[in-house]
Amino acid sequence: MDGRADPAEILSPYHHFTREEWAALRADTPLTLTREDLSRLKSINDPMSLDEVVAIYLPLSRLLALYVAATQGLYKATQRFLGAEGGKTPYIIGVAGSVSAGKSTLARVMTALLSRWPNTPKVQLVTTDGFLHPNAVLEAEGLMRKKGFPESYDGTALLRFLSDVKAGRRRVAAPVYSHLVYDVVPDESIVVDRPDILIVEGLNVLLPNRPSKDGRGLPFVSDFFDFSVYLNADEADLEVWFVERFLRLRQTAFRDPQSYFRKYAELSTEAAEAAAREIWREINLRNLHENLLPTRARANLVLTKGADHRITDVELRKL
């Protein structure tokens, strides 16, 4: 060693942590989840353990609690300067990553942990699936095979929703999506009512908008985020997890008569696996390459999973 710094490390916008280094940052943060809590929060085929919560998500909840407290203090200082009173600006966290990476479990676990901090008792979670165009629209526009791609979402509605939430409006409604029927549910909504923290989970939440034809700047979804997380994993592992989940759902949810994927329930294991791999290659892998991976570097925090689903590396953007 000659004592000189690695140029790559100097130029990197991230602090890099091993699993052990990150886990040490938990400090005295208490574990407030039980095994029963975690079993309710985990998605199907996600083997997250309490050890994973302690090593990865407790340090993250501590970091976010500090960030939220600092942001709340800044907001109050600004209010005093302006001579304004009252009002509340929710802290918004975006969670991005590929299909089958484990975003839903991450978002639900963080919602539960953050709601147990004294300065953030009200935490709500919204997924961007509800902002997908209804299947009837996607079919009319030939986009059913591109569901989950940026063009399959009602981006204007999502931006309006986030703008209203960030402005502190009361009772802002978000549409609801059903994975059973694989469609937006008519006349159903989730009401977001001035939470301390809003977690927004979705595939493309870090994607920049395409330039408008009239040259005017359009806001990004991520412009409304105070913090963002990208859940990263090797492509081969993501495919394995997607196929495993598909085969498990074939034995459970796909057998529901209302399921959009009912046709796959009666396939042989070999045929079902082939169908799952085709869906992965033709839709999810394309979306990952074209839209998701390019946004990874925009996240404040990148969590990288190993083949066993455990987080192996953590990258935190330098302030």
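Up top is the structure.
Summary of the structure given here. (Residues numbered from 1 in each chain as written. Predicted model: local features only at pLDDT ≥ 70, side-chain atom pairs only at ≥ 80, totals over all residues. Heavy atoms only, no water.)

1. Observations regarding the overall build of the protein chain
Along the backbone of the protein chain there are nine helices and nine strands. Since a compact globule built from 319 residues should have a radius of gyration of about 20 Å, the 20 Å found for the protein chain is in line with a globular shape. Considered along the principal axes of its C-alpha atoms, the protein chain spans approximately 60 × 55 × 45 Å. Each of the 319 residues in the protein chain was classed as buried or not, and the buried ones make up 47%. For the protein chain, contacts bridging at least 24 residues in sequence account for 74% of all contacts bridging at least 6. Carbon together with sulfur atoms contributes 54% to the accessible area of the protein chain, which is approximately 16,300 Å² in total. Distance from the positive charge centre (41 side chains) to the negative charge centre (42 side chains) of the protein chain: 4 Å. (Helix = DSSP H or I, 4+ residues; strand = E, 2+ residues; numbered from the N terminus. Rg over C-alpha atoms; globule rule 2.2 N^0.38 Å. Buried < 20%, exposed > 50% of the residue type's maximum accessible area, 1.4 Å probe, protein only. Contact = heavy atoms within 4.5 Å. Areas by Shrake-Rupley, 256 points an atom, 1.4 Å probe, with all protein chains shown as cover. Lys, Arg positive; Asp, Glu negative; His and termini not counted. Charge placed at Lys NZ, Arg CZ, Asp CG, Glu CD.)

2. Digging into helix α5 (residues 103–114)
With 12 residues, α5 should reach 16 Å at 1.5 Å per residue; the first-to-last C-alpha distance of 16 Å fits that figure. Across the 12 residues that make up α5, a large majority, 10, are buried. Among the residues of α5, those classed as buried are K103, T105, L106, A107, V109, M110, T111, A112, L113 and L114. (Expected span 1.5 Å × (residues − 1).)

3. A look at the nonpolar core
Within soluble globular proteins, side chains that are nonpolar generally end up buried alongside one another. Y57, F161, F227 and L303 are the most contacted members of the largest nonpolar core, which totals 93 residues. The greatest single-element share of this core, amounting to 10 residues, is contributed by helix α4 (residues 50–82). Discounting residues that sit within four places of it in the chain, F227 has contacts with L60, L63, L64, Y67, Y91, I92, I93, G94, N300, L301 and L316. (Core = buried A, V, L, I, M, F, W, Y, C linked by side-chain atoms within 4.5 Å.)

4. Considering the packing of aromatic side chains
On inspection of all chains with the given rule, the structure shows 13 aromatic pairs. With centroids separated by 5.7 Å and ring planes inclined at 40 degrees, the aromatic side chains of F242 and W280 adopt a geometry described as tilted. One end of the pair, F242, is in helix α8 (residues 235–250); the other, W280, is in helix α9 (residues 269–292), with 38 residues separating them in the sequence. An angle of 45 degrees between the planes, with centres 6.4 Å apart, marks the rings of F254 and Y264 as tilted. (Phe/Tyr/Trp six-rings, centres within 6.5 Å; stacked < 30°, edge-to-face > 60°.)

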